[in-house]
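# Structural characterization, general
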Amino acid sequence: MQFGWRALHTAWLAIAVACLGFACPAEAGDRASPVRLDAGMQAPQFSRVDLAGNKVDLSALRGNVVLIDFWASWCAPCIIEIPRLINLQKRYRAEGLRIIGVSMDDSAAPVKTLERRFAFNYPLILGDAKFGTLYGGILGLPVRILVSRDGKILHIWNGEVPADAIETAAKTALVRN
């Protein structure tokens, strides 16, 4: 009887190990690793619904210069930057600048609170880990990515940057085409 129990136990253990071996590769494939993004690369495409219920599709914005702003309600430098971005959108929208705010908050509630506080003139969408991975793995905030009219990444800013750096790069991109 002892031998039968050991054989059964060993068989179950072998099956469990084999199942784990087969499950891990599939699981690893489900979790994509961030791809390092650099200037000159094509910006990853996305389509999301903003807080107002409108579709925001990066490919539909071709022909415009797009600034993607990754931020969160708990990020002080991000909040400081919001009025500057609102002003930037106001001043350069007619020339083809489009800003997209990507909140990395866990829910829409704190974003909606800030939406009431600031008069956003650009769409706000919710990001998540998958979206962050698509854009190189967003680990710190704020992150801003400037995309050319033909969809290529022009600049990536991580953290705080001088107030005029984004505006200068956006103006340069707007006059290129």
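In this report, we go over the structure that sits alongside the text. (Residues numbered from 1 in each chain as written. Predicted model: local features only at pLDDT ≥ 70, side-chain atom pairs only at ≥ 80, totals over all residues. Heavy atoms only, no water.)

### A few points about the pairing of strand β4 (residues 97–103)
Summarising burial for β4: 7 of the 7 residues are buried, a large majority. Neither face of β4 is exposed, since Leu97, Ile99, Gly101 and Ser103 on one face and Arg98, Ile100 and Val102 on the opposite face are all buried. Pairing between strand β3 (residues 65–71) and β4: 7 bridges, direction parallel. Note that in β4 the partner of Trp71 across the bridge is Ser103. For the handedness criterion, the β-α-β arrangement of β3, helix α2 (residues 76–92) and β4 is classed as right-handed. Sheet topology places β4 next to strand β5 (residues 124–126); 3 bridges connect them, and they run parallel. Bridging from a neighbouring strand, Ser103 pairs with Leu126 of β5. With respect to chirality, the unit in which β4 leads through helix α3 (residues 109–117) into the neighbouring parallel β5 is right-handed. (Buried < 20%, exposed > 50% of the residue type's maximum accessible area, 1.4 Å probe, protein only. Helix = DSSP H or I, 4+ residues; strand = E, 2+ residues; numbered from the N terminus. Pairing = 2+ DSSP bridges. Right-handed = clockwise from strand over helix to strand, strands pointing away.)

### Description of the packing of aromatic side chains
Geometrically, a pair of aromatic rings is defined through the distance of the ring centres and the angle of the planes. Scanning all chains against the criterion turns up 8 aromatic pairs. With 5.6 Å between their ring centres and 50° between their planes, Phe70 and Tyr135 make a pair best called tilted. Here Tyr135 lies in the loop between α4 (129–134) and β6 (143–147) and Phe70 lies in strand β3, a separation of 65 residues in the sequence. What makes Phe70 buried here is its relative accessible area of 0%. Residue Tyr135 is classed as buried on the basis of its relative accessible area, which comes to 3%. An aromatic cluster is present here, built from Phe46, Phe70, Phe131 and Tyr135 joined pairwise through their rings. (Phe/Tyr/Trp six-rings, centres within 6.5 Å; stacked < 30°, edge-to-face > 60°.)

### A short note on the packing of α2 against helix α5 (residues 163–176)
In contact at an axis separation of 11 Å, α2 and α5 are set at 25° when each is read in the N-to-C sense. Classified by the angle their axes make, α2 and α5 are roughly parallel. Note that α2 runs across α5; the crossing there is right-handed. On α5, the residues touching Glu81, Arg84, Leu88, Arg91 and Tyr92 of α2 are Ala163, Ile166, Glu167, Lys171 and Leu174. Its residues assigned to classes, the contact of α2 with α5 shows 5 nonpolar, no polar and 5 charged. (Axes fitted to C-alpha atoms, helices over the stretch in contact; angles between N-to-C directions. Parallel < 35°, antiparallel > 145°, perpendicular 65-115°, else oblique. Left-handed = near helix turned anticlockwise from the far one by under 90°. Contact = heavy atoms within 4.5 Å. Nonpolar A, V, L, I, M, F, W, Y, C, P; charged D, E, K, R; others polar.)

### Observations concerning the pattern of salt bridges
On inspection of all chains with the given rule, the structure shows 4 salt bridges. The salt bridge involving Asp128 is made with Arg48; its shortest N-O contact spans 3.3 Å. Note that Asp128 is positioned in the loop between β5 and α4 and Arg48 in strand β1 (residues 47–49), a separation of 80 residues in sequence. (Salt bridge = Lys/Arg side-chain N within 4 Å of Asp/Glu carboxyl O.)

### Looking at the state of the cysteines
As enumerated under the stated definition, the model contains 1 disulfide in all. Paired by a disulfide, Cys75 and Cys78 hold their sulfur atoms 2.3 Å apart. As the torsion about the S-S bond is roughly 75°, the Cys75-Cys78 disulfide counts as right-handed. Its relative accessible area of 5% is what places Cys75 among the buried residues. Residue Cys78 is classed as buried on the basis of its relative accessible area, which comes to 2%. (Disulfide = S-S within 2.5 Å.)

### Comments concerning empty space enclosed by the protein
Per the stated rule, a full pass over the model turns up 1 cavity of 30 Å³ or more. Taken as a whole, the largest cavity encloses approximately 40 Å³ of empty space. Around the largest cavity, the lining residues are Gln45, Leu58, Leu61, Arg62, Asn64, Val66, Val147, Ser148, Arg149 and Gly151. (1 Å grid on protein atoms, 1.4 Å probe; cavity = no way out; pocket = protein on both sides within 12 Å on 5 of 7 lines; lining within 4 Å. Points joined across faces, edges and corners; volume = space filled by probe spheres on them.)

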